Amino acid sequence: MSEASSAAGLYRTYLDDYRPKFDQFFALRREDGILEVRMHTDGGPLRWGGEVHRMLVPLFQFIDHDEDNEVVIITGTGASFNAATDFGNFVRHGVAGVRWDNERAGYDMTYRDQTREPLSLLSLSVPVICAINGPITTHPELALVNDIVISSETTTISDGHWSRGGIVPGDGVQIIFRELLGMNRGRYFLYTGERIDAAEALLLGMVAEILPADQLLERAWQLAREVFMTKSRVQRRLTRSLLIQPWRELFVRELGLGMAHECLGCAIGEPAPFASLVATTRSA
């Protein structure tokens, strides 16, 4: 019986097969069991939109079912990690402003995608290193809930759900920043749109190291080789499972509630500052 037809082969994925499926937004390269996932849009800094959001869940599933992946490095392209939004993309999919144009956009592309995406990342069986190469304004879970988080000196971290968009910060940021900053500072951060730079992020324990931008990715690969690949496959995976479990528990318990509040607010709330950006996009 061939591997493809065996029970084990049914759940086995291969990089050469799935890399082309995701290359529109994720450049994948692997060396010695270490898989680098570099987010991008057209080869430049990532512009967040509905497609990239939707692709994350299957991407993490394909990665997890590839037995040749032993460590994952997540990073961005150019000067930012995830700090730009393609509003036109959201308009095309009916997810725009604080009201949705259709039920599928509201449920499938908002509630359903976001209640699965962080957990699909946290469900990876292998350690994950994040190399934050610049500002984060969107979906900080992609960076901050991983096993080792390092950043460039140019990194800043902020959230604009409330301060810029006028909507409920419920897609997981209410969990992440409460845990990393404490309850009082976390609420202040979400309400005010405070921007935390790399030096302060290091002092607060949000990141483990800061480096010059041109040394960041090299350091991530060094950590992957020296911290993780020097241990056995079983030790890597079981230690990852143990140490990431607190994040899993928090997201399972609280993410659905947060998204319910955010989606309800978007469905019935008054237009917010974000709506002006959408209106500009629609008229362009």
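All figures in this text were calculated on a predicted structure; none of them were measured in a lab.

In the predicted model, the protein chain carries a mean pLDDT of 89, and the fraction of residues at 70 or more is 85%. Segment residues 279–284: pLDDT under 50, and 6 contacts once partners within four positions in sequence are set aside and those in other chains are kept.

A few words now on unusual backbone geometry. Positive phi, close to 55°, is recorded for D42, a residue that is not glycine. Along the chain, D42 turns up in the loop between β2 (34–39) and α2 (50–64). With a phi angle near 50°, H139 is a residue other than glycine that sits in the positive phi range. With respect to the helices and strands, the residue H139 is situated in the loop between β6 (128–132) and α5 (141–144).

Let's shift gears to the side chain of T77. Assignment of secondary structure puts T77 in the loop between β3 (71–75) and α3 (87–92). Here the side chain of T77 touches M39 through a polar contact of 2.6 Å, landing on its backbone oxygen. Setting aside chain neighbours within four positions, we find T77 in contact with R38, M39, H40, G43, G44, P45 and N133.

Let's shift gears to the environment of I63. Mapped onto the secondary structure, I63 falls in helix α2. The class of I63 is buried, set by a relative accessible area of 1%. With near-sequence residues (within four places) excluded, I63 lies in contact with Y18, L35, V37, N69, V72 and L124.

Further remarks concern the pattern of salt bridges. Applying the stated criterion to the full structure yields 21 salt bridges. With a shortest N-O distance of 2.8 Å, D16 and R19 are connected by a salt bridge. Of this pair, D16 and R19 both sit in helix α1 (residues 15–22), 3 residues apart, roughly one helical turn. When the shortest N-O distance is used, the salt bridge between D113 and R54 registers 3.1 Å. With D113 in helix α4 (residues 103–122) and R54 in helix α2, this pair connects stretches of sequence that are 59 residues apart.

Two elements in contact, α1 and α2, have axes separated by 11 Å at closest approach and are oriented at 170°. Here α1 lies roughly antiparallel to α2, going by the angle between them. Residues Y18, K21 and F22 of α1 form the contact with α2, whose participating residues are M55, P58, L59, F62 and I63.

So, on to the sheet that holds strand β7 (residues 148–152). Pairing is mixed across the open sheet formed by 6 strands, whose spatial order is β1-β2-β3-β6-β7-β10. Two strands in the sheet have a free side with no partner beyond their single neighbour: β1 (26–31) and β10 (209–211). Mean inter-strand twist for the sheet, computed between neighbouring axes without regard to direction, equals 20°. Strand direction decides the pairing type here: β7 and β10, joined by 3 bridges, are parallel. Among the inter-strand pairings, I150 is bridged to a residue of β10, identified as E209.

Attention now goes to the packing of helix α6 (residues 173–181) against helix α7 (residues 183–192). Closest axis-to-axis distance for the α6/α7 pair is 7 Å, and the angle between their directions is 135°. When the axis of α6 is compared with that of α7, the two are oblique. The handedness of the crossing between α6 and α7 comes out as right-handed. Where α6 abuts α7, its residues V173, Q174, F177, R178 and L181 lie against M183, R185, G186, F189 and L190. Split by residue class, the contact of α6 with α7 holds 6 nonpolar, 2 polar and 2 charged.

Attention shifts here to the packing of aromatic side chains. Applying the stated criterion across every chain yields a total of 5 aromatic pairs. Centroid distance W162 to Y191: 5.7 Å. Interplanar angle 80°. Geometry classified as edge-to-face. On the criterion of sequence distance, the pair formed by W162 in the loop between β8 (156–157) and α6 and Y191 in helix α7 is long-range, its members being 29 residues apart. Take W162: its relative accessible area is 43%, and that puts it in the partly exposed class. Joined through ring pairs, the aromatic side chains of Y18, F22 and F62 make up one cluster. One Lys or Arg, R12, reaches over the ring of Y14 and ends 4.3 Å from the middle of that ring.

How each quantity is defined
The residue count restarts for each chain, going from 1 along the sequence in the order it is written. Reporting of local features is limited, given that this is a predicted model, to residues whose pLDDT is at least 70; pairs of side-chain atoms are given and counted only at 80 or more, and all residues count toward the totals for whole chains, interfaces and linings. As a rule here, side-chain values cover all heavy atoms of the structure and leave hydrogens and water aside. One confidence number per residue, pLDDT, is output by the predictor and ranges from 0 to 100. Any pair of residues with heavy atoms lying within 4.5 Å of one another is described as a contacting pair. Secondary structure follows DSSP: runs of H or I at least 4 residues long count as helices, runs of E at least 2 residues long count as strands, and numbering of each begins at the N terminus. Polar contacts, as used here, are pairs of N or O atoms within 3.5 Å; protein pairs need one atom able to donate a hydrogen and one able to accept it. Residues neighboring in sequence count only if both atoms are side-chain atoms. Three exposure classes are used, based on accessible area relative to the maximum for each residue type with a 1.4 Å probe and protein chains only: buried under 20%, partly exposed in between, and exposed over 50%. In what follows, salt bridge is the name for a side-chain nitrogen of Lys or Arg lying within 4 Å of a carboxyl oxygen of Asp or Glu. Orientation is described by axes fitted as lines to C-alpha atoms, over the contacting stretch for helices, and by angles from 0 to 180 degrees between their N-to-C directions. When describing relative orientation, an angle under 35 degrees is termed roughly parallel and one over 145 degrees roughly antiparallel, while 65 to 115 degrees is termed roughly perpendicular and anything else oblique. One requirement defines pairing of two strands: DSSP has to find at least two bridges between them. Here is the rule for handedness: rotate from the far helix to the near one, and if that takes an anticlockwise turn smaller than a right angle the crossing is left-handed, while a clockwise turn gives right-handed. Only Asp, Glu, Lys and Arg are considered charged, only Ala, Val, Leu, Ile, Met, Phe, Trp, Tyr, Cys and Pro nonpolar, and every remaining residue, Gly among them, polar. Two aromatic rings from Phe, Tyr or Trp, using only the six-membered ring of Trp, form a pair when their centres are within 6.5 Å; if the ring planes differ by under 30 degrees the pair is stacked, by over 60 it is edge-to-face, and anything between is tilted. Only Lys NZ and Arg CZ are tested; either one counts as a charge over a ring when it is within 6 Å of the ring centre and within 35 degrees of the ring normal.

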